[in-house]
Amino acid sequence: MAAPSVPSNGRLTIGDLRGSAGRRRREAILRTAFASAAMLSIVISLAIIVSLVGEAWNFLSRVDLGLLLERGWFPRRDLYGISTIVTGTFIVAGIGMIVATPLGLGAAIYLSEYASPRLRRTIKPILEILAGIPSVVLGYFALTFLSPTIVDTVCPGQTNIFNMAAAGIGVGILITPLIASVAEDALYAVPNSLREASYGLGARRRTTSLRIVFPAAISGIVAALILGMSRGIGETMIVAMAAGASGGSLFQLNPCEPGQTMTAAMTALATGSDQVRGAALAFPSLFFVGLLLFAMTLTLNLVADAFVRRVRTRY
Amino acid sequence: MTTGTPRVHAVSTTEIVRQRLQGRRLDVGGSVFEALLVLALLISIGVLVTLLVDVFSNGLPVFFTRGTDFLTRGLSSSPDRAGVAQGILGSVLLMLFVIVLSFPLGVGASIYLEEYARDTPLTRLVNTVIRNLAGVPAIVYGLLGVAVFVGTLGAITGGRTIISGGLTLAILVLPIVIITTSEALRAVPTSIREAAFGVGATRWETVRSHVLPYAAPGILTGTILSLARAFGETAPLILVGAIAGTFRYSADSLIDQLRGPYTALPTIIFGFSRDPDAGFRADTAAAIIVLLVVLLAVNGLAIFLRNRFERRW
């Protein structure tokens, strides 16, 4: 980093201050390298969309479209009742939300409004650990613990260890820390002046939490729930292990019975002994389901993003 | 505060005022509400404890009876001979792909977005795209891997090989690395950069000598956490073929091994759990213990680094 040497006539020009050509060249090269790394994300998105749409189109153009409306998902027998796995997806994600919403929001309100700073510092890492548990572990937990204990008591006379209820509770456990953390961020971001105004009027802590802080943070809380739903819809391993993803599934609305979600249908296709080469359309059908899943989660994420930004601009 | 005033009747006046202000009725609803909140928190933590107890009580006997044998043996159809050695080796190799590809690319991309880029529509688009990529379900990355790395680039990667799996995982964690690194870079105050610009440093010189050293702990923590995320990721690997494969150890050259069939620790767990032989139940739990111990060690390292080097401005 040599300082520009003073020219013999003693007058500095702009050219002297611009630095050596080598320095400028290195700067330009690095800038281009960093910029290309950033642009890679656009390439990746395009690659995702192109590969999904390409094969999905391949599927749609060759399949008898009437088959999509049938009930039952048995790709190896050329039965592609998409409603079966979409329904299964919403049942599992819905059970997950029923479990995770009270747990996540309760934990968030407690941590943000009630807990002492010290307790908060202790609890948050524990929730982070829970958030870091891989879904394959939760799948095992759902299958070996949740299904024989909790589901067995909720579903009378239930015989099948594989069922959507166990998978749904497992998904709920998975998204609880996510909902808790996003909602807690939103509650914590509410300015203290609002709480103080409420206390100043004589409100109790519960009233302040529920009537002042909660409504003020509602955008972030809605975002937390939408993100949780999106995670639940896209969750794969728990469902693949606990809901009974074996080849295909009948149309099933009863959560105490085995069922299949879009994600589990994809792994089932990929793990079959014939490695997706079964029926001619089984492989492209994978991408059609993937595209549908991608569109659903993307929509939910964009909506959640809009809600989060509303919180950020307000305070 | 008027407590401790010498006059006798003042105490009772304070009491009266306090009672008026607090309301005379017991706040039952408030206590119930708080109890419910605590319950929600306790259930969340209780689930974690139950899960750990369940896994360890099922899996630890395997280590007691077989010792480290479980860690050093390969896959087998018999539950008391099966081990996770191939999975550990596969997972470590997959992590090498993530470290070599995602970390430089991710850090480079966030340096561009935070330090170089102006606020143009293109920059905003890239930022939005990255945020949305982070929310794409893992299994969709698996489809990308099947289509691009196994399909289009199959001649180079060799199809369903560890190269395809590694590339898929690297792409999966890239947005997470970018987001966490950007956060770490943003936390460095502008004045630090201005100090460097003031003595005539170029942008890269500023980043290298001033921004990166201060952001390094944050970047390291974030990247380690995303590595942990990649380590436990299962669904995309199943799609790009980690389930069927086993490693051929041995004399094969590294390149041949990279282009051969493979497996990884999380997919072994999935495979064990599906095995109809009931003896694999304990093996599944034991393999999960291995996975959790690795993850806890990695997360612990990240938390340690964060607490050790965290700096408030």
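Brief notes about the overall build of chain A
Helix and strand counts for chain A stand at 12 helices and two strands. Reading the secondary structure of chain A in the N-to-C direction produces α-α-β-β-α-α-α-α-α-α-α-α-α-α. A globule of 315 residues ought to have a C-alpha radius of gyration of about 20 Å, yet chain A, at 27 Å, is considerably larger. In terms of its C-alpha atoms, chain A occupies a principal-axis envelope of roughly 95 × 65 × 30 Å. The 315 residues of chain A split such that 48% are buried. By sequence separation, contacts in chain A at least 24 residues apart represent 76% of the contacts at least 6 residues apart.

Section: the overall build of chain B
Along chain B, the regular secondary structure elements total 14 helices and zero strands. Per-residue burial for chain B yields a buried fraction of 43% across its 313 residues. Long-range contacts, defined as pairs at least 24 residues apart, comprise 73% of the intrachain contacts of chain B with a sequence gap of at least 6.

A word on the interface of chain B and chain A
At the interface, 63 residues of chain B touch 69 residues of chain A. Among the elements that take part in the side of chain B that touches chain A, helix α2 (residues 28–66) of chain B stands out by supplying 16 residues, more than any other.

Concerning the confidence of the model for chain A
Averaged over all residues, the pLDDT of chain A equals 85, while 90% of them reach at least 70. A low-confidence stretch, residues 273–278 of chain A stays under pLDDT 50, and its non-local contacts, those more than four residues away or across chains, total eight contacts.

Thoughts on the packing of helix α10 (residues 203–232) of chain B against helix α14 (residues 280–309) of chain B
All names here are of chain B. Look at α10 against α14: their axes get within 9 Å of each other, and the N-to-C directions meet at 170°. Comparing their axes, α14 and α10 come out roughly antiparallel. Residues Pro-217, Leu-220, Thr-221, Ile-224, Leu-225, Leu-227, Ala-228, Phe-231 and Gly-232 of α10 lie in contact with α14, whose contacting residues are Leu-291, Val-294, Leu-295, Val-298, Asn-299, Leu-301, Ala-302, Leu-305, Arg-306 and Phe-309. Class assignment for the residues of the contact of α10 with α14 results in 15 nonpolar, three polar and one charged.

Re the environment of Ala-138 of chain B
Within the secondary structure, Ala-138 of chain B sits in helix α6 (residues 138–152). C-alpha of Ala-138 of chain B to C-alpha of Asp-80 of chain B: the two residues are 58 residues apart in sequence and 32 Å apart in space. When residues no more than four places from it in sequence are discounted, the contact partners of Ala-138 of chain B are Thr-236 of chain A together with Leu-172, Glu-233, Ala-235 and Pro-236 of chain B.

Quick notes on the confidence of the model for chain B
Residues and elements named next belong to chain B. For chain B, mean pLDDT is 84; residues scoring 70 or higher make up 88% of the total. Segment residues 244–251 is flagged for pLDDT under 50; beyond a separation of four residues in sequence, or across chains, it makes 17 contacts in the model. For this predicted complex, the interface score ipTM comes out at 0.87, while the overall pTM is 0.86.

Comments concerning the packing of helix α5 (residues 135–154) of chain A against helix α6 (residues 164–188) of chain A
Residue and element names in this part refer to chain A. Relative to each other, α5 and α6 sit at 125°, their axes nearing to 8 Å. Looking at the two axes, α5 sits oblique to α6. Crossing geometry of α5 relative to α6 is assigned as right-handed. Here α5 contributes Ser-135, Leu-138, Gly-139, Phe-141, Ala-142, Leu-143, Leu-146, Ser-147, Ile-150, Val-151 and Val-154 to the contact with α6, which in turn contributes Ala-165, Ala-166, Ala-167, Ile-169, Gly-170, Ile-173 and Leu-174.

Looking at the environment of Leu-75 of chain B
Of note, Leu-75 of chain B is situated in the loop between α3 (69–72) and α4 (85–116). Along the backbone, Leu-75 of chain B and Phe-149 of chain B are 74 residues apart, and their C-alpha atoms lie at a distance of 26 Å.

A short note on the environment of Asn-132 of chain B
As for its position among the elements, Asn-132 of chain B is in helix α5 (residues 121–134). Judged by the 17 C-beta atoms lying within 10 Å of it, Asn-132 of chain B is partly exposed. When the C-alpha positions of Asn-132 of chain B and Pro-175 of chain B are compared, they lie 8.7 Å apart, and in sequence the two are 43 residues distant. Beyond its immediate sequence surroundings of up to four residues, Asn-132 of chain B is in contact with Leu-298 and Asn-301 of chain A.

Conventions adopted
- Residues numbered from 1 in each chain as written.
- Chains lettered and ligands numbered in written order.
- Predicted model: local features only at pLDDT ≥ 70, side-chain atom pairs only at ≥ 80, totals over all residues.
- Helix = DSSP H or I, 4+ residues; strand = E, 2+ residues; numbered from the N terminus.
- Rg over C-alpha atoms; globule rule 2.2 N^0.38 Å.
- Buried ≥ 20, exposed ≤ 12 C-beta atoms within 10 Å, placed from the backbone.
- Contact = placed C-beta atoms within 7 Å.
- pLDDT = per-residue confidence, 0-100.
- Axes fitted to C-alpha atoms, helices over the stretch in contact; angles between N-to-C directions.
- Parallel < 35°, antiparallel > 145°, perpendicular 65-115°, else oblique.
- Nonpolar A, V, L, I, M, F, W, Y, C, P; charged D, E, K, R; others polar.
- Left-handed = near helix turned anticlockwise from the far one by under 90°.

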